[in-house]
Amino acid sequence: EPEVTQTPSHQVTQMGQEVILRCVPISNHLYFYWYRQILGQKVEFLVSFYNNEISEKSEIFDDQFSVERPDGSNFTLKIRSTKLEDSAMYFCASSDGSFGNTIYFGEGSWLTVV
Amino acid sequence: SQQGEEDPQALSIQEGENATMNCSYKTSINNLQWYRQNSGRGLVHLILIRSNEREKHSGRLRVTLDTSKKSSSLLITASRAADTASYFCATDASGGYQKVTFGTGTKLQVIP
């Protein structure tokens, strides 16, 4: 079965550093998403992306965050200047956008900011 | 507004028993999805039920949806130790399905 793949699986970074998390969505999907889950907490929506632009974002997704689809296959989340509170599992997801669409998630990227 | 509140928060049962988890939400939805998450792992899609459906089955899973009460339930029959995980409902708001909002989850422990 096709799957969403994410890299890296785990990254440790110094506070203030920039981080790029990478995702390869399922190939025929049109909608892409980033979610995050702080340890022990609920899964929180960050941003959705369609037709090469952000379609919706949450209040968490501030100016420190950006997303990009640099080519036909990758979808990236950049955190410009990481803070301790950015430590979380970040999930990429994709869907084909049809009614009744299932959203498929990757295994996640653990980000630890020290 | 907060969508998807599951109850109970935690559930512990013996292998072979049935497990029922409930989800309530606040606004009208297009679809409701249930996901499983093993500790530290990704979210695995289990089942999707559309707003015009009332019940859906998949293997040992049975999902119901009551849009008048804005609630859903997930029943796992004949549970196994491998079912131990957190279970989340996720809803997409009517009028746009460009994001789903997750509930707080039910942590299920199945004791062998």
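Data block above holds the structure.
In short, a report on the structure. Being a predicted model, the structure only gives us computed values, none of them experimental. (Residues numbered from 1 in each chain as written. Chains lettered and ligands numbered in written order. Predicted model: local features only at pLDDT ≥ 70, side-chain atom pairs only at ≥ 80, totals over all residues. Heavy atoms only, no water.)

On a plain count of helices and strands, chain B comes out with zero helices and 11 strands. Secondary structure elements in chain B, listed N-terminal to C-terminal, are β-β-β-β-β-β-β-β-β-β-β. The C-alpha atoms of chain B give a radius of gyration of 13 Å, which matches the 13 Å a tight globule of 112 residues would have. Over its C-alpha atoms, taken along the principal directions, chain B stretches across nearly 45 × 30 × 20 Å. Within chain B, the fraction of its 112 residues that count as buried is 43%. (Helix = DSSP H or I, 4+ residues; strand = E, 2+ residues; numbered from the N terminus. Rg over C-alpha atoms; globule rule 2.2 N^0.38 Å. Buried < 20%, exposed > 50% of the residue type's maximum accessible area, 1.4 Å probe, protein only.)

In this section: the state of the cysteines. One pass over the full model with this rule turns up two disulfides over all chains. What pairs with A:Cys23 in a disulfide is A:Cys92, and their sulfur atoms sit 1.9 Å apart. Between A:Cys23 and A:Cys92 the disulfide shows an S-S torsion of about -65°. By sign, it is left-handed. With A:Cys23 in strand 3 (residues 19-24) and A:Cys92 in strand 9 (residues 88-95), the pair connects residues that are 69 residues apart, well separated along the chain. Across the disulfide from B:Cys23 sits B:Cys89; the S-S distance is 2.0 Å. What sets the handedness of the B:Cys23 and B:Cys89 disulfide is the S-S torsion sign, and at about 65° it is right-handed. (Disulfide = S-S within 2.5 Å.)

Now for the pairing of strand 3 of chain A. Residues and elements named next belong to chain A. Here strand 3 shows a buried face lined by Val-19, Leu-21 and Cys-23 and an unburied face lined by Ile-20, Arg-22 and Val-24. In the sheet, strand 3 pairs with strand 8 (residues 75-79) via five bridges, with the strands oriented antiparallel. Residue Val-19 lies in a different strand from strand 8, and its bridge partner there is Ile-79. (Pairing = 2+ DSSP bridges.)

What follows is about the packing of aromatic side chains. In this description, a pair of aromatic rings is defined by centroid distance and the angle of the planes. All names here are of chain A. Inspection of every chain in the model, using the stated rule, returns 14 aromatic pairs over all chains. Measuring from ring centre to ring centre gives 5.4 Å for Phe-32 and Phe-75, while their planes differ by 40°; the resulting arrangement is tilted. Here Phe-75 lies in strand 8 and Phe-32 lies in strand 4 (residues 31-37), a separation of 43 residues in the sequence. For the pair Phe-32 and Phe-75, one class covers both residues: buried. Between Tyr-35 and Phe-45 the ring centres are 5.5 Å apart and the planes differ by 70°, which places this aromatic pair in the edge-to-face class. On the criterion of sequence distance, the pair formed by Tyr-35 in strand 4 and Phe-45 in strand 5 (residues 43-50) is long-range, its members being 10 residues apart. Like Phe-45, Tyr-35 is buried. (Phe/Tyr/Trp six-rings, centres within 6.5 Å; stacked < 30°, edge-to-face > 60°.)

The tally for this structure, following the rule as stated, stands at five salt bridges over all chains. Measuring nitrogen to oxygen at the nearest pair gives 3.1 Å for the salt bridge that ties A:Glu44 to A:Arg36. Looking at A:Arg36, the relative accessible area reads 10%, which means it is buried. With its nearest N and O atoms 3.9 Å apart, the salt bridge here joins B:Glu53 to B:Lys56. Assessed through its relative accessible area of 27%, B:Lys56 is described here as partly exposed. (Salt bridge = Lys/Arg side-chain N within 4 Å of Asp/Glu carboxyl O.)

So, on to the sheet that holds strand 3 of chain A. All names here are of chain A. The four strands lie next to each other as 1-3-8-7, forming an open sheet whose pairing is antiparallel. The open sheet terminates on both sides in strands that have one partner only, identified here as strand 1 (5-7) and strand 7 (65-68). Taken pair by pair, the neighbouring strands of this sheet meet at an average axis angle of 20°, ignoring direction. The pairing of strand 7 with strand 8 spans four bridges and is antiparallel. The residue bridging Val-67 from the neighbouring strand is Leu-77, located in strand 8. (Axes fitted to C-alpha atoms, helices over the stretch in contact; angles between N-to-C directions.)

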